[in-house]
Amino acid sequence: MSQNPSEPVVPAPGGTGQGDGPAPRAPRRGLDRSGPLDLGDKVQLSDAKGRLHTITLKPGGEFHTHRGVLRHDQLIGAEDGTTVTDNHGTPYQALRPLYSDYMLSMPRGAAIIYPKDSAQILMWGDIFPGARVLEAGVGSGGLTTALLRAVGPEGSVHSIERREDFAEVARENVETYFGATHPAWDLTIGDFQDVAPTLAPEGPAVDRVVLDMLAPWECIDAAAEVLVSGGVFLAYVATVTQLSRTAEALRDHGEFTEPSAWESFVRPWHLEGLAVRPEHRMNAHTGFLLTARRTAHGTTAMTRVTRPAPGSRDEAELTHPDNEGFGGGVEEWGPEDIGERGVAPRKIKRALRDIRQGRDR
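Just so you know, these numbers come straight off a predicted model, no measurement behind them.

Strand order across the open sheet formed by seven strands is 9-8-7-10-11-15-12, with mixed pairing between neighbours. At either margin of the open sheet sits one strand with a lone partner, and together these are strand 9 (185-189) and strand 12 (260-262). Ignoring strand direction, the axes of neighbouring strands in this sheet form an average angle of 15 degrees. Where strand 11 (residues 227-237) meets strand 15 (residues 288-293), six bridges bridge the pair, whose relative direction is antiparallel. Looking across to strand 15, one finds that phenylalanine 233 is bridged to alanine 292. On top of the sheet, helix 7 (residues 240-253) reaches strand 11, strand 12 and strand 15; it is set at about 5 degrees to strand 15, its chief contact.

Listed below in structure tokens is the structure:
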């Protein structure tokens, strides 16, 4: 029988939970919450130098450093953001980790979509409460978590992932964040082109399609089939060749509006007295975002009137095999085509181990 997370966990009879073997496991609690700190919550402890330590509150638990010992009991029931000291007087600020903290620190197999890009996807993909979202390329589950938060209890997210090992890592990360299997989430193993049409046997059934994969241009027809009229198609790609080829595929389909593409940079600033300046490091290029709207089914999109540079729309150039990625070429792409390293099986195993162990750390 599962335990109500709001009820305290009582150590086994005859034991204190501190010296008589391992403490009872804390209840699994999601990270998306507010209010006083409770058993099973993850807490970020920040010291005076800004160093972060994440712990999971357990009955009788202790956090040890070379400076001293901080007992979990000092935090259980305390307000989020409280300051506590260890047995040697070292102070720590205690706060629940934010979604961005979790995304950047989550164990991963595939690369994640960074918070700056997730925020752009939610805004320009118009992910609204109640939306039906079809996602492909689940990776490590970072964007999936953001989508589930955005659609709310009335919406749904269906994720499609080709690799079962990636899907397992994503499932563990999402369940860790929400504390349990999310009722609005479905995860399917397979190819987007094969799975998507089966989700809408009686007609268009999704409001948004979000793709994070090597060759999104191969999925345009399937996306058009399942998207409702006026729905949003959004692709996240890493390279210019992927961006160009996807844009040309959308135009060739004929029932998507003129694609729009951009990238975002985030430059943090150093703030200390009068020393206010940009940080020496920044998150620059991570990927391109491309969006287009689905026209009414059976309606050809209007062609934008432009004055292109000479030769930019030359059919022979666009389809020439030497221009692989820029409209030409028919070869199947792999991670090496965009400079990605393959993910070793041991990295997947390590990520799964870190997720499962981290729930009780």
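So, about helix 7. Spanning 14 residues, helix 7 covers 20 Å between terminal C-alpha atoms, matching the ideal 20 Å at 1.5 Å per step. Of all 14 residues in helix 7, ten are buried; the element is thus mostly enclosed. The first or second residue beyond helix 7 is glycine 254, which carries a positive phi of 95 degrees.

Remark: helix 3 (residues 142-151) packs on helix 4 (residues 164-178), axes separated minimally by 9 Å, with the N-to-C direction vectors making an angle of 45 degrees. Of the possible angle classes, the one that applies to helix 3 and helix 4 is oblique. As helix 3 runs across helix 4, the sense of the crossing is right-handed. Contacts from Thr144, Thr145, Leu148 and Arg149 of helix 3 reach helix 4 at Val174, Tyr177 and Phe178. Class assignment for the residues of the contact of helix 3 with helix 4 results in four nonpolar, two polar and one charged.

With that settled, consider the packing of aromatic side chains. Overall, the coordinates contain six aromatic pairs when judged by the stated rule. Seen from their ring centres, tyrosine 102 and tyrosine 177 are 5.4 Å apart, and the 45 degrees between their planes marks the pair as tilted. Highlighted residues: tyrosine 102 in helix 1 (residues 99-105) and tyrosine 177 in helix 4, separated in sequence by 75 residues. Of the residues examined, tyrosine 102 reaches a relative accessible area of 9% and is grouped as buried. Taken together, the aromatic side chains of Tyr99, Tyr102, Tyr177 and Phe178 make up a single cluster linked through ring pairs. The residue whose ring lies beneath arginine 163 is phenylalanine 166, and the NZ or CZ to ring-centre distance is 4.0 Å. Lying across the ring of phenylalanine 256, arginine 294 places its NZ or CZ 5.9 Å from the centre.

Reading guide: rules and limits
- Residues numbered from 1 in each chain as written.
- Predicted model: local features only at pLDDT ≥ 70, side-chain atom pairs only at ≥ 80, totals over all residues.
- Heavy atoms only, no water.
- Pairing = 2+ DSSP bridges.
- Helix = DSSP H or I, 4+ residues; strand = E, 2+ residues; numbered from the N terminus.
- Axes fitted to C-alpha atoms, helices over the stretch in contact; angles between N-to-C directions.
- Contact = heavy atoms within 4.5 Å.
- Expected span 1.5 Å × (residues − 1).
- Buried < 20%, exposed > 50% of the residue type's maximum accessible area, 1.4 Å probe, protein only.
- Parallel < 35°, antiparallel > 145°, perpendicular 65-115°, else oblique.
- Left-handed = near helix turned anticlockwise from the far one by under 90°.
- Nonpolar A, V, L, I, M, F, W, Y, C, P; charged D, E, K, R; others polar.
- Phe/Tyr/Trp six-rings, centres within 6.5 Å; stacked < 30°, edge-to-face > 60°.
- Lys NZ or Arg CZ within 6 Å of the ring centre and 35° of its normal.

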